[in-house]
Amino acid sequence: INVPPLPPERWVKKADDHYERVYDSKESDEYYHKLLNRPAAFFVAVDKSEGKLIVKMNPFVAAHRAAALLGGENADALQVKYQLAELSSMGEPETKEFHVPNSD
């Protein structure tokens, strides 16, 4: 999964029964570098000659991030299914007329 697990946290008691969360600096540094090296979910480029903005998505990265948030970072495998749809084929959402009674 493309989302590294958080480093373990410890709680240290400070003065006045105040607790402070601390992380091991080496483990935190490793976590940070793993975050930097994970693949991007989106790629954006500009084609000036065509006058286009190109946006590409990697659905596997998005699925892996969702799985990690749902507690799947310890899974051996992840099954990903996705479907592309033309926005115009989705139709318009149903809307109702907006009317404020005292605005007449």
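Check the entry above for the structure.
These lines cover the structure that appears in this document, whether it is placed above or below. Because the structure is predicted, anything quoted here is derived from the model rather than measured. (Residues numbered from 1 in each chain as written. Predicted model: local features only at pLDDT ≥ 70, side-chain atom pairs only at ≥ 80, totals over all residues. Heavy atoms only, no water.)

1. Concerning the overall build of the protein chain
In plain terms, the rule: Counting from the N terminus, the helices are the DSSP runs of H or I reaching at least four residues and the strands are the DSSP runs of E reaching at least two. Burial status follows relative accessibility: with a 1.4 Å probe on protein chains alone, a residue under 20% of its type maximum counts as buried, one over 50% as exposed, and anything between as partly exposed. Every residue pair with non-hydrogen atoms within 4.5 Å of one another is taken to be in contact. A 1.4 Å probe and the Shrake-Rupley method give the accessible areas. Residues count as covered only by the protein chains that appear here.
Summing up its helical and strand segments, the protein chain has 2 helices and 4 strands in all. Secondary structure elements of the protein chain occur, N-terminal to C-terminal, as β-β-α-β-β-α. Residue burial in the protein chain is summarised as follows: out of 104 residues, 12% are buried. Within the protein chain, contacts between residues separated by at least 24 positions form 31% of all contacts whose residues are at least 6 apart in sequence. As displayed, the protein chain has an accessible area near 9600 Å², and 53% of this comes from carbon and sulfur atoms.

2. A look at the pattern of salt bridges
Test applied: Each salt bridge in this description consists of a side-chain nitrogen of Lys or Arg and a carboxyl oxygen of Asp or Glu lying within 4 Å of one another.
In total, this model carries 2 salt bridges according to the counting rule given. Here Glu9 and Arg21 are joined by a salt bridge, their closest N and O atoms 3.4 Å apart. Within this pair, whereas Glu9 is found in strand β1 (residues 9-13), its partner Arg21 is found in strand β2 (residues 19-23), the two being separated by 12 residues in sequence. Given a relative accessible area of 39%, Glu9 falls into the partly exposed group. We classify Arg21 as partly exposed; its relative accessible area is 45%. Where Asp17 meets Lys13, a salt bridge forms, and the shortest distance between an N and an O atom there is 3.1 Å.

3. Side note on the pairing of strand β4 (residues 52-57)
To keep it simple, the criterion reads: Two strands pair if DSSP finds at least two bridges between them.
When strand β3 (residues 42-47) meets β4, the two strands line up antiparallel, connected through 6 bridges. Its bridge partner lying in β4, Val46 is registered against Leu53. Connecting β3 to the next strand, β4, in antiparallel fashion are 4 residues, including Gly51 with a positive phi near 70°.

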